[in-house]
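# Structural overview for review
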Amino acid sequence: MKRSGKKAATDRNFVVALSRGLEVLRAFRPNDGLLGNQEIAARTNLPKPTVSRLTYTLTKLGYLTPVPRFEKYQLAPSAMALGYAALANLGVRHLSEPYREDVMRATGGAVAVGGRDRLSMIYFGQSRNGLTLGVQLDVGSRIPIATTAMGRAYIWALPDDERAALLRELRDHYGSRWPKIRDGIERSGELVAKRGFAISAGEWQDDVHAVGVALQLNDGTGPYAFNCGAPAFRFTEDRLLDDIGPRLVAMVRNIEQALGGVAPQSRKAESKKSRSGGKVARVAEGI
């Protein structure tokens, strides 16, 4: 999660140089290809001379590969190895695959699992048949937390204090658009409290409808979240509520059980805590 400049400046354990180096690596996105120092500087808000020193260092360490002909860089295998190592350690990705495949075949929707990356959810596992969505998402794809079913399910799986902090970040990020987005998050909170799932019906992409369900584990990781989405004409709002939502909830609860997730008494307490639904968002923000 991104630290504020003030907090980083006063935290003696925070290594600014390392932070900046990682920001350079984060500047590379799926399907980007090559990036030059100027493009990296624009994405990271770092001075170009600083970026030049960082890309030089990362090249020497084997995390970037220079392409002299274009005066640009691309991620090297050493950088990709970090991502693959992280994926290999996510047991939920592997264990959930047969469950995801079953729901995909039963519903005709794409089913994915993801975790938080700042103000986005990042996919680390997906099951789709190639014809499900107009927007082709895959492992490594990012979707916004605030307007997607997966993201909203994640928000309402957080402890109160963490949810309040995230809502403040979202409020600052969206500015004048926040009141409308907040209303959607609040409606999702009420639905999660009643039915166990969140929906996004055209709020992220006009022609995409989806359901999201959070995954709670007892090992200190997560929460994570799953979604099941398809073109709006295939997943009507009625079908989201009556079929896809309950089906995805059942899938996630089975996965939790297989992974040794949240115990029944813990889930009951959590449900009671969130019974007030979306109103918690306003209380958490103090608005």
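For the structure given in this document, a descriptive report is provided here.

Parameters at a glance
Residues numbered from 1 in each chain as written. Predicted model: local features only at pLDDT ≥ 70, side-chain atom pairs only at ≥ 80, totals over all residues. Heavy atoms only, no water. Core = buried A, V, L, I, M, F, W, Y, C linked by side-chain atoms within 4.5 Å. Buried < 20%, exposed > 50% of the residue type's maximum accessible area, 1.4 Å probe, protein only. Helix = DSSP H or I, 4+ residues; strand = E, 2+ residues; numbered from the N terminus. Salt bridge = Lys/Arg side-chain N within 4 Å of Asp/Glu carboxyl O. Phe/Tyr/Trp six-rings, centres within 6.5 Å; stacked < 30°, edge-to-face > 60°. Expected span 1.5 Å × (residues − 1). Bend = angle between axes of the 7 residues up to and from the residue. Pairing = 2+ DSSP bridges. Axes fitted to C-alpha atoms, helices over the stretch in contact; angles between N-to-C directions. Contact = heavy atoms within 4.5 Å. Nonpolar A, V, L, I, M, F, W, Y, C, P; charged D, E, K, R; others polar. 1 Å grid on protein atoms, 1.4 Å probe; cavity = no way out; pocket = protein on both sides within 12 Å on 5 of 7 lines; lining within 4 Å. Points joined across faces, edges and corners; volume = space filled by probe spheres on them.

For the rest of this paragraph, the subject is the nonpolar core. In terms of nonpolar packing, the biggest core is built from 26 residues, with M121, M150, I155, L166, L170, W178 and I185 touching the most fellow members. Broken down by secondary-structure element, the contributors of at least two residues to this core are strand 4 (120-127), helix 8 (149-155), helix 9 (160-174) and helix 10 (178-195). Counting residues in each nonpolar core, the second largest holds 25 residues, with V92, L215, F226 and V249 among its members.

This part covers the pattern of salt bridges. Under the counting rule described, the total for this entry stands at 17 salt bridges. Put simply, R26, D117 and R142 are held in one network by salt bridges that share partners.

As a further point, take the packing of aromatic side chains. Evaluation of the coordinates by the stated rule reveals one aromatic pair. Where F124 meets Y224, the ring centres are 5.5 Å apart and the plane angle is 80°; that geometry is what we call edge-to-face. Here Y224 lies in strand 8 (residues 224-231) and F124 lies in strand 4, a separation of 100 residues in the sequence.

In this section: helix 11 (residues 237-259). In this model, helix 11 (23 residues) spans 31 Å end to end at C-alpha, consistent with the 33 Å of a helix rising 1.5 Å per residue. The largest bend in helix 11 amounts to roughly 35° and is located at I244, with the proline P246 lying one to four residues further along. Where helix 11 is concerned, the buried positions are L240, I244, G245, L248, V249, M251, V252, I255 and E256. Immediately downstream of helix 11, the backbone of G260 shows phi near 75°, a positive value.

Before going further, it helps to examine the environment of A198. Inspection of the secondary structure assignment puts A198 in strand 6 (residues 198-201). What makes A198 buried here is its relative accessible area of 0%. Linking A198 and M150, residues 48 residues apart in sequence, is a C-alpha distance of 7.6 Å.

On to the sheet that holds strand 3 (residues 110-117), then. An order of 5-4-3-8-7-6 is seen for the six strands of this open sheet, with the pairing classed as antiparallel. Looking at strand neighbours, the two that pair on one side only are strand 5 (142-144) and strand 6, the edges of this open sheet. Here the average twist between neighbouring strands, direction ignored, is 35°. Bridging between strand 7 (residues 208-215) and strand 8 involves eight bridges; their strand directions are antiparallel. Among the inter-strand pairings, V211 is bridged to a residue of strand 8, identified as C228.

Moving on, we come to the packing of helix 9 against helix 10. The N-to-C vectors of helix 9 and helix 10 enclose an angle of 145°; their axes lie 9 Å apart at closest approach. Judged by residue contacts, L167, L170, R171 and Y174 of helix 9 engage W178, I181 and I185 from helix 10. The residue makeup of the contact of helix 9 with helix 10, split by class, is six nonpolar, no polar and one charged.

Turning to empty space enclosed by the protein, a few remarks are in order. Following the criterion strictly, the structure yields one cavity of 30 Å³ or more and no others. Within this model, the largest cavity holds a volume of roughly 140 Å³. What lines the largest cavity is a set of 16 residues, among which Y123, W204, V208, A210 and N227 lie closest to the centre. Elements represented by at least two residues in the lining of the largest cavity include exactly strand 4, helix 8, strand 7 and strand 8. When grouped by side-chain class, the residues that make up the lining of the largest cavity number 10 nonpolar, six polar and no charged.

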